[in-house]
Amino acid sequence: MSDGMETGKKAVRPAFKNIVIILGAAAVLIAAAAFLFAGGVFLSKPDKILAAAYKSCKENGLTEVFTDKKAEYTSDLELSVGETDLSLKLSSAEKKKELTCSVGSHGISTEGTALLDENNLRVQIPIFGDTVFVYDYRQENGGYIAELLEENGISQTQCNQALADAMSDGDVTWDREEGGRLLLNTFRSLSFETTEKKTVRVNGKDRSCVGYRATVTPEDMQIILNGIEKMQGDGYRIWMDRMLQVLGSDYESFLREWMSQETIYATFYIDGNRLAEVSVDNEAHTIMNLYFAGNEMLSVTVNAFSLEDKTCTGSIKLIRGADIRKMSGDQVDIGNATKEELLKAAYTSLFRINGR
């Protein structure tokens, strides 16, 4: 049995693991920077990097995403896996979240939109016209959807809880003092070396930026994870476990995957007193580049990696503001509908579109 696997549980895929860890590291960088900035002391290279990171993220609004529940933002993910293109757009506001998904392969594409609020999950798929499929996640549902979830080994209770957690902080509590100090000390303990300058595009202009390269070992990653847990309290493990269980994994499996990550290298490029770019690589190639300047709060380029023997590339953009539309149309309660009722609703929608 491969590392990170156990009976009845799936390990998080390597590609997913890399993206989660590195994007999580961006949040860690901001958290440690915020703690440092409160102290107002910038002495070493790590301190200068953190101060630059905080200044950039404060100016472009990225800190609000991690510190203010009411912050509105939009996240765009573009991913190409072999011949398949995936596009995800998440718009997040305090009481609503909208996810639009589009998948295309070999000239054929399909898309759909999900709207989550404090009561329901609503889904609209263009091939079914303006029909809105509604799922009330606040209760246990006994319709055909429950059978489908069970057949695929997915707990309805865990799904419902994951949806509820997505609309709240769940059991997560913040302890910035202890966790922030641990993350700050960890960042300060990393080994940094000055690199050659690099030209980075900043706000439409080419800028020559100083680079500082840090080595991050698996042991460092463990300390970073400890800092995250301390910042967010005991509820963090519960929240992560719920989310990962929906994917057929669990938090313990995630921990093993986290610790199996190889040593990585992060190069921070500073433009004056602002962080412009972070380049993350291993011994073989550059994994991804994170850009902190420009119209986006954060722009990430995911360089080619392998997923099930297919070449993958992608990008992620985090933009200030959220434009969430209203869903209108005939509603179908998919939580309690039988298989026959769901098929009838689907056929009715299709026939209506075709003018029959």
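Residues numbered from 1 in each chain as written. Predicted model: local features only at pLDDT ≥ 70, side-chain atom pairs only at ≥ 80, totals over all residues. Heavy atoms only, no water.

Caption draft 1: Geometry of the overall build of the protein. Tallying secondary structure elements over the protein gives 10 helices and 14 strands in all. Among the 356 residues that make up the protein, the fraction classed as buried is 43%. Relative to all contacts within the protein whose residues are 6 or more apart in sequence, the contacts with residues 24 or more apart total 56%. Per element, the accessible surface of the protein, about 18700 Å² overall, is 51% carbon and sulfur. (Helix = DSSP H or I, 4+ residues; strand = E, 2+ residues; numbered from the N terminus. Buried < 20%, exposed > 50% of the residue type's maximum accessible area, 1.4 Å probe, protein only. Contact = heavy atoms within 4.5 Å. Areas by Shrake-Rupley, 256 points an atom, 1.4 Å probe, with all protein chains shown as cover.)

Caption draft 2: Highlighting helix H4 (residues 144–151). Looking at H4, one finds that the buried residues are Tyr 144, Ala 146 and Leu 149. Immediately beyond the C-terminal end of H4, within one or two residues, lies Gly 153, with a positive phi of roughly 70 degrees.

Caption draft 3: The arrangement of the pattern of salt bridges in detail. According to the stated counting rule, one finds 10 salt bridges in the structure shown. Ionic pairing is found between Arg 201 and Asp 206, a salt bridge with its closest N-O pair at 3.0 Å. Residues Arg 201 and Asp 206 agree in their burial class; the two are exposed. Measuring nitrogen to oxygen at the nearest pair gives 3.2 Å for the salt bridge that ties Arg 213 to Asp 281. Pair noted here: Arg 213 is in strand S8 (residues 205–216) and Asp 281 is in strand S10 (residues 274–281), with a separation of 68 residues, a long-range link. The exposure class of Arg 213 is partly exposed, given its relative accessible area of 24%. Accessibility expressed as a relative area gives 11% for Asp 281, which makes it buried. Among the charged side chains, a salt-bridge network with shared partners connects Lys 55, Glu 59 and Arg 274. (Salt bridge = Lys/Arg side-chain N within 4 Å of Asp/Glu carboxyl O.)

Caption draft 4: Geometry of the confidence of the model for the protein. In the predicted model, the protein carries a mean pLDDT of 76, and 74% of its residues have values of at least 70. For the protein, per-element mean pLDDT is lowest for helix H1 (residues 14–39), which scores 52, and highest for strand S5 (residues 120–124), which scores 92. Scored below 50 in pLDDT, residues 1–19 makes 42 contacts in the model with residues more than four places away or belonging to other chains. (pLDDT = per-residue confidence, 0-100.)

Caption draft 5: Summary view of the nonpolar core. With 31 residues, the main nonpolar core has Phe 192, Phe 268, Leu 275, Val 278, Leu 290 and Phe 292 as its most contacted residues. Counting residues per element, the ones that place at least two in this core are helix H2 (45–60), helix H6 (176–189), S8, strand S9 (264–271), S10, strand S11 (286–291), strand S12 (298–307) and strand S13 (310–320). Among the elements that make up this core, the one with the highest residue count is H2 (five residues). Excluding anything up to four places from it in sequence, Phe 192 contacts Lys 45, Pro 46, Ile 49, Phe 187, Tyr 212, Arg 213, Ala 214 and Phe 268. If you look at the next biggest cluster of nonpolar residues, it comprises 14 residues, including Phe 128, Tyr 135, Ile 334 and Ala 345. (Core = buried A, V, L, I, M, F, W, Y, C linked by side-chain atoms within 4.5 Å.)

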